[in-house]
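# Observations on the model geometry
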Amino acid sequence: MGYLTLKNVDFAYGKSDFIIKNTSLQLFQEDFTAVVGPNGSGKTTLGKLMAGLLKPQNGTVMIDGTDSNSMSLGAIGKRVGYLFQNPEKQIFAPTVYEELTFPLEIKGTEKKVVERKAKEAMEVFQISHLSKAFPFTLSQGEKQRLALAAIFIHEPKFLILDEPTTGLDKERKVVLSGILKNFQHEGVGMVVISHDEAFVEEHATRVIKMMGGKIIEDTRKSFRS
Ligand SMILES: Nc1ncnc2c1ncn2[C@@H]1O[C@H](COP(=O)(O)OP(=O)(O)O)[C@@H](O)[C@H]1O
Ligand SMILES: [Mg+2]
């Protein structure tokens, strides 16, 4: 069974028609899965369902073998990290450093461990020099690396990234590619929602194409090495 499994999932926002229609899907940690398709085809909605952020009206979403309906946000967060299309949405703290340490502190993690993990995350994501900066003054690429660092600190087994290359210049994309490859080397599963054909071509082992709330193509290119 896949690490993330959707079975006959229907989803609607409020009383609208179903946006995701009778969708079944298995996602594996061994893959780098790209989700492509036109605007409004349901990619973001599907991503949020996979991450347990939205709950389906019909069908089930299983995360690591458990129905996401019966899991706490903490239990989900340890397994699946989700990078929003606009990373500003997930930044809250007054400094970069606190953005990383606060969630660990409220979990009651030992101070020394908190400091070590935050330092490591800042190094991996190349934001150590911004430790004391106010997150909202960061560039798009820096905000994204901060959001990724904040996800990384929970050591998730699976990452879902919504349009991660939007607003990044060529050099920043290379930095992001390197970061994602590091996650892969550590065995972290990856789903990337993306319009960026070159980025998909470079990374994906499997490409899922959405149209009108349904999967219309699911192509395995290769197994990752
Ligand atoms: N919060 C929301 N409330 C109501 N409708 C929404 C909401 N978010 C997205 N939609 C609708 O759901 C459909 C799919 O949107 P989305 O999942 O964002 O697609 P994509 O990411 O492929 O552009 C669109 O018709 C969009 O208008
Ligand atoms: Mg979207």
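Residues numbered from 1 in each chain as written. Chains lettered and ligands numbered in written order. Predicted model: local features only at pLDDT ≥ 70, side-chain atom pairs only at ≥ 80, totals over all residues. Heavy atoms only, no water.

Evaluation of the coordinates by the stated rule reveals seven aromatic pairs. Taken together, a centroid distance of 4.9 Å and an interplanar angle of 85 degrees make the contact between Y82 and F84 edge-to-face. For the ring pair F134 and F136, a centre distance of 5.7 Å and an interplane angle of 50 degrees mean the geometry is tilted. Classification of F134 as partly exposed rests on a relative accessible area of 45%. Exposure remark for F136: the relative accessible area of 36% places this residue in the partly exposed category. (Phe/Tyr/Trp six-rings, centres within 6.5 Å; stacked < 30°, edge-to-face > 60°. Buried < 20%, exposed > 50% of the residue type's maximum accessible area, 1.4 Å probe, protein only.)

Looking now at helix α5 (residues 140–152). Taking 1.5 Å per residue as the helical rise, α5 with its 13 residues ought to reach 18 Å, and the 18 Å between its terminal C-alpha atoms agrees with that figure. Within α5, 11 of the 13 residues are buried, which leaves it mostly tucked inside the rest of the structure. Along α5, the positions that sit buried rather than exposed are G141, K143, Q144, R145, L146, A147, L148, A149, A150, I151 and F152. Looking at the packing, one finds that the buried side of α5 touches β6 (80–83), α3 (96–106), α4 (111–124), β7 (158–162) and α6 (170–185). (Helix = DSSP H or I, 4+ residues; strand = E, 2+ residues; numbered from the N terminus. Expected span 1.5 Å × (residues − 1). Contact = heavy atoms within 4.5 Å.)

Looking at where R145 falls in the secondary structure, it is placed in helix α5. Notably, R145 is buried but unbridged: the nearest opposite-charge side chain belongs to E142, and the N-O separation is 5.1 Å. What R145 contacts, discounting residues up to four positions off in sequence, is F125, Q126, I127, R172, V175 and I179. (Lys, Arg positive; Asp, Glu negative; His and termini not counted. Salt bridge = Lys/Arg side-chain N within 4 Å of Asp/Glu carboxyl O.)

Under the 1.5 Å per step criterion, the end-to-end length of α4 is 20 Å for 14 residues, consistent within 8% with the ideal 20 Å. Within α4, burial applies to V114, A118, A121 and M122. Around the axis of α4, the buried residues are gathered within 100 degrees of arc, so they sit on the same side. Away from its buried face by more than 90 degrees, α4 exposes K112 and K119. (Arc of directions from axis to C-beta.)

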